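An overview of the molecular structure
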Amino acid sequence: MGADRSIGQASAAAARPAAVLVGRARERILLREELAAALGGRGRLVLLGGEAGIGKTSLARDLTREAEDLGVCVLASHCYDLTNTPPYGPWLDLLDGDRLRPLVAPPAAFAGGRLKQVTDQAALFADVRRCLAELAAARPVFVLLEDLHWADPASVELLRHIAPYVGQWRVLLVVTYRVNDLTRRHPLYQHLPALVREADGMRLDLRGLDREALRGLVAGRFRLADADAERLVAYLERHAEGNPFFTVELLRALQEEGLLRPGSDRSFLGELARVVVPPLLHQVIEVRVARLGEEMRPPLAIAAVIGQEVPLDLWATVADLDDEALLAIVERAVEAQLLETDRDGTRVRFVHALTREALYEGILAPRRRSWHRRVAESLMARLRADPDTVAFHLQEAGDPRAWVWLVQAGDRAQRVYAWRTAIERLRMATRFLDGVEDEDRMRCRLACRIGWLARFSDPAGAVSAVEEAARTAARLGESVLAAELGWLRGVLLFYSDHVRAGVAEMAEGKRRLDAIETAPFDAAGVPVVTESGFVAGLPWVDAVDSSQDDVAVERFRDGGQRFRRGCLIWQLASSGQPGAVTDDDQQFVALADVPESSSTNRAAVAFTYHGFAIDHAAMGRPDAARMAWTRARELFAEFDHHALIAFSLLTQARDVGHTYAAAIPDVRRRLAAEAEAALSRAGGALRPGISPRLAWLGCFVLDGCWAEAVRILDDLPVPGNCYLRREMTDTRAVLARLRGEREIAWAQIRPLFPDGPATEPGDIIQQEGLCLQRLAADLCLDEGNRTTARAWLEAHDRWLAWSGGVLGRADGQLGWARWHRAAGDRGRSRDLATEALSLAAAPEQPLVRLAAHRLLGEIDTADKQFAAGEDHLTAALDLAAACETPFERALTRLAFAELRLAAGSMGEAGTMLDEVRRICASLGAAPTLARAEALAGRAGKPPTEIYPAGLTPREVEVLRLLAQHRTDKEIAEELFVGPRTVQTHVANILNKLGVDNRRAAAAEAARVGLV
């Protein structure tokens, strides 16, 4: 039946109303310039925003016609409603395989027009990128994504990934959205600044038509006397408020009422006051429908219930219409410019979302609910019904069956790594459980799933829901369920930086579950919630083969116990708990890490290895730690658990790559690159706006890429979990101290140490806590506060003794050496620095050795033992070169310059200080730069202005003018050079600053104080 129901292409063409583009000359010019640039190989992202009816669609269609006339490949898609837009919905529609296949292969996950399982978000994004790049290589492309204020989070993240590449392709990518529909929590709102910055996107926010534009609109349509024209313009200005859609609809309504009649010589305008009956839009649509006849109202209302886009076969089924009756309705609605047809003739859509919304709001609520139910039931009767669409209509119908379809929609979103969408679907499902059998138990189970899914993005927000579910489970006498929820609350507390409480609740939950699960029960008694916990805790897991009865039960029970134990080992080791790893854990891994092991046991082994690795690193066994992490990641990869792969890589980078392996810089860079890739694949499970570039923060501090690290930090939202938060906190704190921003550094430390130096261990990731304690001691010494510095160093000793760890001992002794030197006791300082040097040799810790050699060199300089001092400083320089750490080199060259000055070699000291000043200026290391300038004064070298990033004085002049939004021509005239010379300077500036466009360069100039 649906195959015969179609509308011809001629009707489709006639259905498109003429675009109202009065007052949009500037926007049309800008968009055509960008289209021309894309044809020439310089693509662009354009973000076209404004209120409903402001003319976004008209502008987009005008540009679409222009692109089609130029032979450009046009790809367009819409979002219709946030509640029933599936993950990647607009992209799935955009990159339809049948449309693309003659030119390029569509993305594999979108092949066949249905979303397949996505186990690797980065791979999907890369495949979409590949598809668009290949398409743009074949012919220029115009991509239109309309109404992204209704887009799902995964679609917006894909847009953010694609947008920076558009400039390299022959692609113009235009996105439209309603500004007033973007709340602060909306994913598009959160990504808009990054889209503009990272992709050099152009943002066009449309404003209402002014009086002059309204005059032009009226003059272009009617020949009115001047007084009548002004009367009509005033009426439109008062009631349409500059909105083009309202304006055109008002004019149509006036014509339909006979109050405005065009004529060949002179148009007629009657009395206007009686027409204005608010609400305006509803009145306009009501008049239009009434003129079509009352028999048209019910089918059009049903179409409005179905949605903005209406499949003809579904409309016919719900409205109980045959082909001819339906086509007659469609033709009349198209003539009245209420509907337009799709190209394939199998569906229609409302000409404007406001048209559909006005019709929809005009339906009485009881009838609206009834029609939504009929739409849902019609969809459910079909094979492979879309769960999001069915769930939406059941929700609007108030039908309790909605929860089943919402859970299915959540399942699909979880499978494609759109975990935030999954969370929203499951939360909606809980609202429809009233009257469902075992509704309280089901609410608890959904809360359990939501908690697992939210543990990386919003663990703190999930705690209250899990707490309420645990209370319900206890009231129901569901001991297994209550214990599982208690365990999960501990996981969430840990991820939300309440480590001690989290570990305690996990341990208690495990004890309760172990007691329950070691009691005798048969195969039918396997706790369902425990199984669902595995499914939610991992992207996927094999179900137990219950046909094997007792064997299956024992295997699953053991897997459950070891899974929880493996998770707990990880958290215990992270928090530095003594004895986190036991002989029993070692024995389990030896027995269970075999190919025939069940998936739950293999997952347990993965978590256990991860805990082993953290413990090995802390106890000074880097080789064993590397091996354990490698095996953990191999097992995590079996479950596509990219978030945990990323966390393990970040932890290995901090605890091994930056410590034991610092003299092999390729190790830390490889770990950063792999962590970035893993975060890219897990993006749908993380908080919106988390850039995978976060993985490079620690590496960039050592590599001297401080400006890039600051840019990443400035762009990141609050990360939502302790492992990603650690990356931000540690980097921001260290850089703030080195750049002289002490309050910023303290702001990172104080929240994690509520009792200052007296804070007890075990409530923060242990290695992070030790690092921040040492940093706090250094900050106190910088401020001359030796008393508080001593308290921080004593706390550091106490934490190390509590955990029994090795990593941090050499650093601690070096901190005490600096403290005694500040106290004036160089002898004691020398002894402690020598001890630190010895501790840092076994196991090897190059950066501690470097700092110890430098301190000993400085002590030797003060004691006038210049030969011994030179030996130490030469060793420190060699280590700085091996570690490829420019700031450590600058500190060491500064110490060398002090030695040369003390020995009377002024010229050599001056050369060294030039290098120190150049490095520190490029990094923004203000305190060290000030020391170098003071020493240069003693060496007889006058201070010179040294610019960041190696910029020359001429480049700084160009940058300052660029920041004033001067064009190349204006800069050339100001500096008396040619425009091509200015272009060369601008290219050099962008390269040195590590930015992609002039706007970013101007922002960086402001940040470093050049403008």
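Residues numbered from 1 in each chain as written. Predicted model: local features only at pLDDT ≥ 70, side-chain atom pairs only at ≥ 80, totals over all residues. Heavy atoms only, no water.

**With respect to the sheet that holds strand E2 (residues 73-78)**
Ordered in space as E2-E3-E4-E1-E5, the five strands form an open sheet in which the pairing is parallel. Looking at the sheet topology across the chains shown, the edges are occupied by E2 and strand E5 (202-205). Between one strand axis and the next, the sheet turns through 15° on average, direction left out of account. Sheet topology places E2 next to strand E3 (residues 141-146); six bridges connect them, and they run parallel. Pairing of Leu-75 across the sheet is with Val-143, part of E3. Across the face of the sheet, helix H6 (residues 121-138) comes into contact with E2, E3 and strand E4 (171-178) while running at roughly 140° to E3. (Pairing = 2+ DSSP bridges. Helix = DSSP H or I, 4+ residues; strand = E, 2+ residues; numbered from the N terminus. Axes fitted to C-alpha atoms, helices over the stretch in contact; angles between N-to-C directions. Contact = heavy atoms within 4.5 Å.)

**Considerations on unusual backbone geometry**
Between Ala-842 and the following residue, Pro-843, the backbone shows a cis peptide bond with an omega angle of 0°. Mapped onto the fold, Pro-843 is located in the loop between helix H39 (826-839) and helix H40 (846-862). Notably, Tyr-88 is not glycine yet its phi reads approximately 65°, a positive angle. Counting through the fold element by element, Tyr-88 comes out in the loop between E2 and helix H4 (89-94). Relative accessible area serves as the criterion here: at 0%, Tyr-88 is assigned to the buried category. Here Asp-438, not a glycine, exhibits a phi torsion of approximately 55°, which is positive. Tracing the chain through its elements places Asp-438 in the loop between helix H20 (419-430) and helix H21 (439-454). (Buried < 20%, exposed > 50% of the residue type's maximum accessible area, 1.4 Å probe, protein only.)

**A closer look at helix H33 (residues 706-715)**
Every buried residue belonging to H33 is among Trp-706, Ala-709, Val-710, Ile-712 and Leu-713, and all of these are buried. Projected onto a plane normal to the axis of H33, the buried residues spread over an arc of 160° and lie on a single side. In this structure, the buried residues of H33 make contact with helix H32 (697-703), helix H34 (722-738), helix H42 (886-903), helix H43 (906-923) and helix H48 (998-1007). (Arc of directions from axis to C-beta.)

**Quick word on the side chain of His-985**
Mapping His-985 onto the fold places it in helix H47 (residues 979-993). Those residues in contact with His-985 that lie beyond four places of it in its chain are Arg-954, Glu-955 and Val-958.

**Topic: the pattern of salt bridges**
For the structure on display, the rule yields 79 salt bridges. Between Glu-1004 and Arg-711 there is a salt bridge; the shortest N-O distance is 3.5 Å. On the criterion of sequence distance, the pair formed by Glu-1004 in helix H48 and Arg-711 in helix H33 is long-range, its members being 293 residues apart. (Salt bridge = Lys/Arg side-chain N within 4 Å of Asp/Glu carboxyl O.)

**Digging into the nonpolar core**
Counting 229 residues, the largest nonpolar core has Trp-91, Leu-95, Phe-110, Leu-300 and Trp-315 as its most contacted members. If you tally residues by element for this core, the top one is helix H23 (residues 479-495), at 12 residues. Ignoring any residue separated from it by four or fewer positions in sequence, one finds Trp-315 in contact with Pro-299, Leu-300, Ile-302, Ala-303, Ile-306, Val-310, Leu-326, Ile-329, Val-330, Leu-339 and Val-348. Within the second largest apolar cluster, 37 residues are counted, among which are Trp-746, Phe-753, Leu-770 and Leu-856. (Core = buried A, V, L, I, M, F, W, Y, C linked by side-chain atoms within 4.5 Å.)

**Some thoughts on the packing of aromatic side chains**
For the structure on display, the rule yields 23 aromatic pairs. Ring plane angle 15° and centroid distance 6.2 Å describe the contact between Tyr-165 and Trp-169, whose orientation is recorded as stacked. Taken together, a centroid distance of 6.5 Å and an interplanar angle of 85° make the contact between Tyr-495 and Trp-570 edge-to-face. Within this pair, whereas Tyr-495 is found in helix H23, its partner Trp-570 is found in helix H26 (residues 550-574), the two being separated by 75 residues in sequence. (Phe/Tyr/Trp six-rings, centres within 6.5 Å; stacked < 30°, edge-to-face > 60°.)

**Remarks on the sheet that holds strand E10 (residues 347-350)**
The strand order across the open sheet built from three strands is E8-E10-E9, with neighbouring strands paired in antiparallel fashion. Where the open sheet ends on each side, the last strands, each with one partner, are strand E8 (309-311) and strand E9 (339-341). The mean inter-strand angle of the sheet, taken between neighbouring strand axes irrespective of direction, is 30°. Summarising the sheet, E9 and E10 pair through three bridges and their orientation is antiparallel. Pairing of Leu-339 across the sheet is with Phe-350, part of E10. Packed onto the sheet, helix H13 (residues 297-306) meets E8, E9 and E10 and runs at close to 110° relative to E8.

**A look at the side chain of Glu-34**
Structurally, the position occupied by Glu-34 is in helix H2 (residues 25-39). With a relative accessible area of 12%, Glu-34 lands in the buried category. Among the polar contacts listed, one links the side chain of Glu-34 to the side chain of Arg-44, at a separation of 3.0 Å. Discounting chain neighbours no more than four positions away, the residues touching Glu-34 are Arg-44, Val-46, Leu-172 and Met-202. (Polar contact = N/O pair within 3.5 Å; in protein donor to acceptor, adjacent residues only side chain to side chain.)

**Overview of the state of the cysteines**
Per the stated rule, a full pass over the model turns up zero disulfides. Here Cys-567 stays free of any disulfide, with the sulfur of Cys-448 as its closest cysteine sulfur at 12 Å. On the basis of relative accessibility, which here comes to 6%, the residue Cys-567 falls in the buried class. (Disulfide = S-S within 2.5 Å.)

**Quick word on the pairing of E4**
With eight of its eight residues buried, E4 lies for the most part within the structure. Of the two faces of E4, both are covered, the one formed by Val-171, Leu-173, Val-175 and Tyr-177 as well as the one formed by Leu-172, Val-174, Thr-176 and Arg-178. In this structure, strand E1 (residues 44-50) lies alongside E4, joined through seven bridges in parallel fashion. Among the inter-strand pairings, Leu-47 is bridged to a residue of E4, identified as Val-175. As paired elements, E3 and E4 share five bridges and run parallel to each other. Bridge pairing in E4 places Phe-142 opposite Leu-172. Crossover connection from E3 via helix H7 (residues 153-166) to parallel E4: handedness right-handed. (Right-handed = clockwise from strand over helix to strand, strands pointing away.)

**Overview of helix H8 (residues 187-198)**
The terminal C-alpha atoms of H8 lie 16 Å apart, and with 12 residues this matches the ideal 16 Å at 1.5 Å per residue to within 8%. Buried residues of H8: Pro-187, Leu-188, His-191, Leu-192, Ala-194, Leu-195 and Val-196, and no others. Asp-200, located one to two residues past H8, shows a positive phi value of around 50°. (Expected span 1.5 Å × (residues − 1).)

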